Amino acid sequence: MSDINKVITADDLLAYLGIDYADDTVNKNITRAIKTADGELRESVSDNYPVDHPLTPELALIYASNAYENRGNISLSGNERKIADDYALKLRLYLRRESSE
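Cut-offs and rules
Residues numbered from 1 in each chain as written. Predicted model: local features only at pLDDT ≥ 70, side-chain atom pairs only at ≥ 80, totals over all residues. Heavy atoms only, no water. Helix = DSSP H or I, 4+ residues; strand = E, 2+ residues; numbered from the N terminus. Rg over C-alpha atoms; globule rule 2.2 N^0.38 Å. Buried < 20%, exposed > 50% of the residue type's maximum accessible area, 1.4 Å probe, protein only. Areas by Shrake-Rupley, 256 points an atom, 1.4 Å probe, with all protein chains shown as cover. Lys, Arg positive; Asp, Glu negative; His and termini not counted. Charge placed at Lys NZ, Arg CZ, Asp CG, Glu CD. Contact = heavy atoms within 4.5 Å. Axes fitted to C-alpha atoms, helices over the stretch in contact; angles between N-to-C directions. Parallel < 35°, antiparallel > 145°, perpendicular 65-115°, else oblique. Left-handed = near helix turned anticlockwise from the far one by under 90°. Nonpolar A, V, L, I, M, F, W, Y, C, P; charged D, E, K, R; others polar. Arc of directions from axis to C-beta. pLDDT = per-residue confidence, 0-100. Salt bridge = Lys/Arg side-chain N within 4 Å of Asp/Glu carboxyl O.

Visitor: I tried to follow the overall build of the chain on my own but got confused; where do I start?
Guide: Each helix and strand counted, the chain has four helices and zero strands in total. For a compact globule of 101 residues, the expected C-alpha radius of gyration is about 13 Å, and the chain comes in at 14 Å, within 12% of that figure. The dimensions of the chain, computed from C-alpha atoms along their principal axes, are 45 × 30 × 20 Å. The proportion of buried residues among the 101 residues of the chain is 38%. Only carbon and sulfur atoms are counted for the fraction: they give 46% of the accessible area of the chain, which is about 6200 Å². Distance between charge centres in the chain, computed from 12 positive and 18 negative side chains, equals 5 Å.

Structural data, given as structure tokens:
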């Protein structure tokens, strides 16, 4: 099974969001958003998404930032959805190539 903590950390997401100071509430929401990103990666790519592929952290950050910024509404906007779908497809193809070698 993949481990989201090998892909992005709370500090990665805080930097991505431009948050300089995080109190307890922000930290709890960041942790929840990262867990949501893990679930989204599992659904869109695979339960065993590649933690070492360079697109994985980018896709995780898209999912996590959306989960953080839009609590209660995790659907991505038009451009974000296109990018996320493209990254997820590339990661699925990568996994397929890796499994056939």
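Don't stop here, the text continues.
Visitor: What is the right way to look at the side chain of Asn29 in this model?
Guide: Tracing the sequence through the fold places Asn29 in helix α2 (residues 24-44). Those residues in contact with Asn29 that lie beyond four places of it in its chain are Tyr68 and Arg71.

Visitor: For this particular structure, what's the right way to read the environment of Asn29?
Guide: Classification of Asn29 by relative accessible area gives buried; the value is 18%. Residues Asn29 and Glu69, spaced 40 residues apart in sequence, show a C-alpha to C-alpha distance of 9.5 Å.

Visitor: What is the right way to read the packing of α2 against helix α3 (residues 55-69) from this model?
Guide: When two helices pack together, their arrangement is given by the angle between their axes and by how far apart the axes lie. Put simply, α2 and α3 touch, their axes get as near as 8 Å, and they point 125 degrees apart. The angle between α2 and α3 places the two elements in the oblique class. Where α2 crosses over α3, the two elements pack in a sense that is right-handed. Residues Val26, Asn29, Ile30, Arg32, Ala33, Ile34, Thr36, Ala37, Glu40, Leu41 and Ser44 of α2 lie in contact with α3, whose contacting residues are Thr56, Leu59, Ala60, Tyr63, Ala64, Ala67 and Tyr68. Residues belonging to the contact of α2 with α3 are distributed by class as follows: twelve nonpolar, four polar and two charged.

Visitor: Quick question: what am I supposed to make of helix α1 (residues 10-17) here?
Guide: Turn by turn, an α-helix covers 3.6 residues, leaving residues three or four places apart pointing in a common direction. Buried within α1 are the following residues: Leu13, Leu14 and Leu17. Seen from one end, α1 has its buried residues packed into an arc of 100 degrees, which puts them on one side. For α1, the exposed residues set more than 90 degrees away from the buried face come down to Asp11 and Ala15. Against α2 and α3 lie the buried residues of α1. Backbone geometry just after α1 places Gly18 at a positive phi near 75 degrees.

Visitor: Please explain the confidence of the model for the chain as it appears in this structure.
Guide: The predicted coordinates of low-pLDDT regions are not to be read in fine detail. Taken as a whole, the chain shows an average pLDDT of 91; of its residues, 96% reach a score of 70 or greater. Considering each helix and strand of the chain separately, the mean pLDDT is smallest for helix α4 (residues 78-100), with a value of 91, and largest for α1, with 97.

Visitor: What exactly am I supposed to notice about the pattern of salt bridges here?
Guide: Pairing is possible between side chains of opposite charge, provided their charged atoms come close. Within the structure shown, the criterion is met by three salt bridges. Residue Arg42 pairs with Asp38 through a salt bridge whose shortest N-O separation is 2.9 Å. One end of the pair, Arg42, and the other, Asp38, are both in helix α2, four residues apart, so they sit about a helical turn from each other. Taking the relative accessible area as the measure of exposure, Asp38 reaches 13% and is therefore buried. Between Asp86 and Lys90 there is a salt bridge, and its shortest N-O distance comes to 3.2 Å. Of the two residues, Asp86 and Lys90 both sit in helix α4, four residues apart, roughly one turn of that helix.

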